[in-house]
Each structure stands twice: as structure tokens, then as C-alpha cells.
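Analysis of the macromolecular model
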Amino acid sequence: MTRPTFTLDGVAISFDEGQTIIEAARKAGVFIPFLCAHPEFPAHGSCRVCTVLVNGRAMASCTTKAADGQVVESNTAALTRDRQALVQMLFVEGNHFCPGCEKSGACTLQSLGKDLAVTSAGFAHESPTRPVDASHPDILLDFNRCILCELCVRASSDVDKKDVFALSGRGLDKHLIVNAESGRLADTGMATTDKAMSVCPVGVILWKRRGFADPIGKRPHDVESPRQRVEGKGKTS
Amino acid sequence: MTAKVRVATTSLAGCFGCHMSFLDIDERILPLLDKVTFDRSPLTDLKHAGPCDVGLVEGGVCNEDNLHVLREFRKQCKVLVAVGACAINGGLPAQRNQFDVGDLLRHVYFEEPGLTRRVVPDDPELPALFDKVRPIHELVKVDYFLPGCPPPADAFWAFLSDLLEGRDPRLPPGAIRYD
Ligand code: SF4
Ligand code: SF4
């Protein structure tokens, strides 16, 4: 029996029933830019970076199931411009100073910006005031870099069963909070062995005393960028 | 012989690291100098820019003098380029944006332990600080951006080569950096 197939930028991609477009593409070694999609968690569709045209309609490829005969476009000039603008907005909404960030070289947002050839800020910076939480003996929270993807919220509630994090407020006021009366991480059950410790795509949830351990050139994304990871997998499997 | 392209460079609220990285083009500066002449720049020590083809601006805007120089560059340069993280997003100096400038000055000149004289410098020669450090595109129109802290020498080289050859500048993939 032949497997169902859709086309992605003209290339035939076969898939298993139930797979999303981004999953099927990833399996086939084709990179669709993404930010909040995490292979271990159900898709959330919050960042919209993986938006593609499905039969001409804009859909998030992380939440849209692949279907036989779909015509999907991803690598178009218009979608690239939209993705660049999304990345620029995420940068100016927070305080992202990559040269001094522990996550630099391992950050999905940074790598996405480079992959999309984003060179400018594009918008005026919001410069929000977001104090860090250094209360925990082993963990630092730098909220300045939060992109509100909710991965830590879900990891902490679904996997760690601790509910350490939550999103509060709406629209421009939306922000990440720590679920403790004091609001401080030290007053939660958060531990470095938690799943929530390792899911943040950017540099918010950090190990203390471990920053800048890998020199430039040897950091995870210097060795293999998210694109290379997907495309390389396609070559070897 | 065609006239040389006039290039001005300056560092506003920057550390001159971008200029150092520019100089890392090493001996390629010699063929560059066949085509380019430097106007106002730390390399020439000229104090004001004349009419130029290209202005390279390192650093963001943290005080009145920065703004004055930036406006001079925008006025005199046909093509204005934001060079480096600080010019593009404020960079390290902009990390003071979350604090009140008065508090910062008090902290540094009054409260720091070990100070021999406790006085906030207020000589009229000193340019007044702005409450926030701003990247340059928030104050003037910017034509191109060279990201990086600093941008690698190859980014300067690729960018200027394209510009001098009349091509739309395009950075090679590895030359786009944010750190
Ligand atoms: S979180 Fe990523 S994009 Fe933000 S400052 Fe850190 S490395 Fe840069
Ligand atoms: S802290 Fe990280 S994982 Fe949590 S919502 Fe913010 S960006 Fe996402």
C-alpha cells in the first residue's frame, strides 16, 4: 500500500496518518522554521513561525495534520518576510542582549533569526522592566528573554507535576510568573532535575555557575543548527 | 580614474570593538584603500564629517553628543549603516534602561564604597545623559545593518565589497551573528 503524500514546496513528502505537517517534514529531512514546537510536547501553535500555506491558506504547520494530496508552501518570499517580522517582534518585546546571554549559541530564537537572515530590529524596542529571580540556589530565571511559549509551564505541570510556572495577564501584559505566594523560585519545589529545566528554547531558565562553559564555535548550535539537525537526519535515515 | 568612495566611521555608545573587527580585514585594507578614502573616523581623527558616500556607525545613542554626531552622519552620508549590536539594539549600554539614570549616577558617584570624592560630575563640557540608550534606527533612517558583537571582519569585507561593486549588499550566512 502506498503511503499518503503531500507536497512541500513541490517535493513529495509521505507521512503516517495523524502526523502534523511539521512532523512529517522533519522526518523527511525538510526544515520548516519553528520556535515553540517541541517534539516531546503536543503542539501549542503559539509562535506562528512555522506557518505555511496549506492549499493556499495560512496554517501553523505544528498543529495542522498532514492530509493526502495537500499542497503546502513554506519557502516563499512572503512567508519568509512574515517570519522575519515575527522574530523581530519577539526580540524587541523583551530584552535580548545575545553577547551577554548564557544561552547564546544554544538558543532557538537566535538561530532562527540567523537562519532567516534577520539583520535589523525592525521595530522600536519596548525595553520592558523585568527583574531577574536569582533566589534559587542553583537556578537563575531571566525573564527578560521570555517569549511566552509555555513549554516550561507544560513541562512543570504535565511531567514534573509541580506547576512551578504560569502565564498571567493578557495581551501586552502577558508575562510568566512563578507559582509561589512570594513569587520567588526558591519558594517552589523546582529542582535542576525537573523537565522544566531543559525545555526553554531561549535563555530564561538557567543553571547557575554553568554559563559560557562552551567556547564560541563549540556551542550546540555552532556544531549543529536546528536546520542542520533536521536536514542531517534526512540524509542519514 | 573614478573618484574614490568617501567613508566616515564613528563610535557612539560603543566600545570601538566594531572598529577593531573592521581592522581585522588585515591586509585587505590595502586594496580597500585603492577604492575608498576615509573622512571623519577614529582612523583619521577628523572631527567633522563632510559629504560622504557611506557612514558606518558603531554604538547606540546614550547622550546628547551621540545624537548630535548621529544627525551629522545622517545629514552627510548617502548610505548610513548601523554597525554592531549596540547600534542595532542598544547592546550592553542599553542594559541600564531598566534603571533610573539619577539612581545610577548616585549609586556610582555617591554610594560606591571607596570613593574619595562624592560628587556627580556636572561639568558643562560633559554631554548630558539620556534616560534611555537607544539604537540608531529609532532616531534616524538607517539603510543597512551589520549585526554582531562585533560583526566579523568578513562581514565588513563582504558588505563593503558588494557596496563598492554596486551590488545590493548581502551578508554570507556565517557572517550574520548576534554575539
Ligand atoms: S535568549 Fe536567545 S535571542 Fe535572547 S539574548 Fe539569549 S541568545 Fe539572544
Ligand atoms: S521561560 Fe522559556 S519555556 Fe517558559 S514560557 Fe518563557 S520562553 Fe517559554
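Before going further, it helps to examine the overall build of chain A. Looking only at helices and strands, chain A has six helices and nine strands in total. Computed over its C-alpha atoms, the radius of gyration of chain A comes to 19 Å, within 12% of the 18 Å expected for a compact globule of 237 residues. Projected onto the principal axes, the alpha-carbon positions of chain A cover approximately 55 × 40 × 40 Å. Taking all 237 residues of chain A together, the buried fraction comes to 47%. Residue pairs at least 24 apart in sequence account for 62% of intrachain contacts in chain A once pairs closer than 6 positions are excluded. For chain A, the exposed area adds up to about 11,700 Å²; of that, 51% sits on carbon and sulfur atoms.

So, on to the overall build of chain B. Regarding its fold elements, chain B presents six helices and seven strands. Helices (α) and strands (β) of chain B occur, in sequence order from the N terminus, as β-α-α-β-β-β-α-β-α-α-β-β-α. In terms of overall dimensions, chain B has C-alpha extents of about 60 × 35 × 30 Å along its principal axes. On chain B, roughly 9,500 Å² of surface is accessible, and the fraction owed to carbon and sulfur atoms is 56%.

Moving on, we get to helix H3 (residues 64-76) of chain B. Residue and element names in this part refer to chain B. With 13 residues, H3 should reach 18 Å at 1.5 Å per residue; the first-to-last C-alpha distance of 18 Å fits that figure. Within the sequence span of H3, burial applies to Asn66, Leu67, Val69, Leu70, Glu72, Phe73 and Arg74. Check the buried side of H3 and you find it contacts strand E1 (5-11), strand E3 (52-58), strand E4 (61-63), strand E5 (77-83) and strand E6 (129-134).

As a further point, take the domain arrangement of chain A. Residues and elements named next belong to chain A. Taken domain by domain, chain A consists of domain 1 (5-75) and domain 2 (106-222). Here the C-alpha centre of domain 2 lies 26 Å away from the C-alpha centre of domain 1. Contact with domain 1, which involves 13 residues of that partner, is made by 16 residues of domain 2. Roughly 1,100 Å² of surface becomes buried between domain 1 and domain 2 when both sides are summed, with 71% attributable to carbon and sulfur atoms. For the domain 1 face of the interface with domain 2, the top three residues by lost area are Leu35, Phe41 and His44, together amounting to 52%. Between domain 1 and domain 2 we count one salt bridge in total.

The immediate surroundings of ligand 1 are formed by Phe91, His96, Phe97, Cys98, Cys101, Ser104, Cys107, Leu109, Gln110, Arg145, Val202 and Gly203 of chain A. The residue inventory of the shell around ligand 1, partitioned by class, reads seven nonpolar, four polar and one charged.

Residue and element names in this part refer to chain A. An order of E2-E1-E5-E3-E4 is seen for the five strands of this open sheet, with the pairing classed as mixed. Single-partner strands in this sheet number two, and they are strand E2 (11-14) and strand E4 (57-60). Between one strand and the next, the sheet's axes are offset by a mean angle of 35 degrees, whatever the strand orientation. Examined bridge by bridge, strand E1 (residues 5-8) and strand E5 (residues 71-73) share two bridges and lie parallel to one another. Its bridge partner being in E5, Thr7 is matched across the sheet by Val71. Contacts from helix H2 (residues 77-93) reach strand E3 (51-54) and E5, with the element oriented near 155 degrees to E3.

For the rest of this paragraph, the subject is the pattern of salt bridges. On inspection of all chains with the given rule, the structure shows 23 salt bridges over all chains. In this structure, Arg219 of chain A and Asp222 of chain A form a salt bridge, with 2.8 Å as the shortest nitrogen-oxygen distance. Since its relative accessible area comes to 6%, Arg219 of chain A is described here as buried. The partly exposed category is assigned to Asp222 of chain A, whose relative accessible area is 27%. Residues Asp154 of chain B and Arg28 of chain B are paired through a salt bridge, measuring 3.1 Å at the closest nitrogen-oxygen approach. In this pair, Asp154 of chain B is assigned in helix H6 (residues 153-164) and Arg28 of chain B in the loop between helix H1 (17-23) and helix H2 (29-35), connecting sequence segments 126 residues apart. By relative accessible area, Asp154 of chain B is classed as partly exposed at 45%. Classification of Arg28 of chain B as partly exposed rests on a relative accessible area of 26%. The structure contains a network of salt bridges with shared partners spanning Arg219 and Asp222 of chain A together with Arg177 and Asp179 of chain B.

Looking now at the site of ligand 2. As a matter of local geometry, ligand 2 sits amid Cys146, Ile147, Leu148, Cys149, Glu150, Leu151, Cys152, Leu176, Cys200, Pro201, Val202 and Val204 of chain A. Considering only residue class, the shell around ligand 2 consists of eleven nonpolar, no polar and one charged.

Residues and elements named next belong to chain B. As summarised here, the arrangement of the five strands in space is E2-E1-E3-E5-E7, forming an open sheet in which the pairing is parallel. Of all the strands in the sheet, the pair left with one neighbour each is strand E2 (36-38) and strand E7 (144-146). In this sheet, adjacent strand axes meet at a mean angle of 30 degrees when their direction is disregarded. By the bridge criterion, five bridges tie E1 to E3 in an arrangement that is parallel. Along E3, the bridge assignment pairs Thr10 with Val57. Along the sheet, H3 contacts E1, E3 and E5; its crossing angle with E5, the most-contacted strand, is approximately 135 degrees.

Our next topic: the nonpolar core. Core analysis: the biggest nonpolar cluster contains 61 residues, and Leu109, Phe165, Met190 and Ile205 of chain A have the highest contact counts within it. Counting residues per element, this core draws most heavily on H6 of chain B, at five residues. Counting contributing residues per domain, this core is built from domain 1 (5-75) and domain 2 (106-222) of chain A, each supplying no fewer than three. Among residues more than four places away in sequence, those in contact with Met190 of chain A are His136, Ile139, Lys162, Val164, Phe165, Leu185, Ala196, Met197 and Ile205 of chain A.

The rules behind these values
- Residues numbered from 1 in each chain as written.
- Chains lettered and ligands numbered in written order.
- Predicted model: local features only at pLDDT ≥ 70, side-chain atom pairs only at ≥ 80, totals over all residues.
- Heavy atoms only, no water.
- Helix = DSSP H or I, 4+ residues; strand = E, 2+ residues; numbered from the N terminus.
- Rg over C-alpha atoms; globule rule 2.2 N^0.38 Å.
- Buried < 20%, exposed > 50% of the residue type's maximum accessible area, 1.4 Å probe, protein only.
- Contact = heavy atoms within 4.5 Å.
- Areas by Shrake-Rupley, 256 points an atom, 1.4 Å probe, with all protein chains shown as cover.
- Expected span 1.5 Å × (residues − 1).
- Domains from an automatic or database assignment.
- Buried area = accessible area lost by both parts, 1.4 Å probe.
- Salt bridge = Lys/Arg side-chain N within 4 Å of Asp/Glu carboxyl O.
- Near = heavy atom within 4 Å.
- Nonpolar A, V, L, I, M, F, W, Y, C, P; charged D, E, K, R; others polar.
- Pairing = 2+ DSSP bridges.
- Axes fitted to C-alpha atoms, helices over the stretch in contact; angles between N-to-C directions.
- Core = buried A, V, L, I, M, F, W, Y, C linked by side-chain atoms within 4.5 Å.

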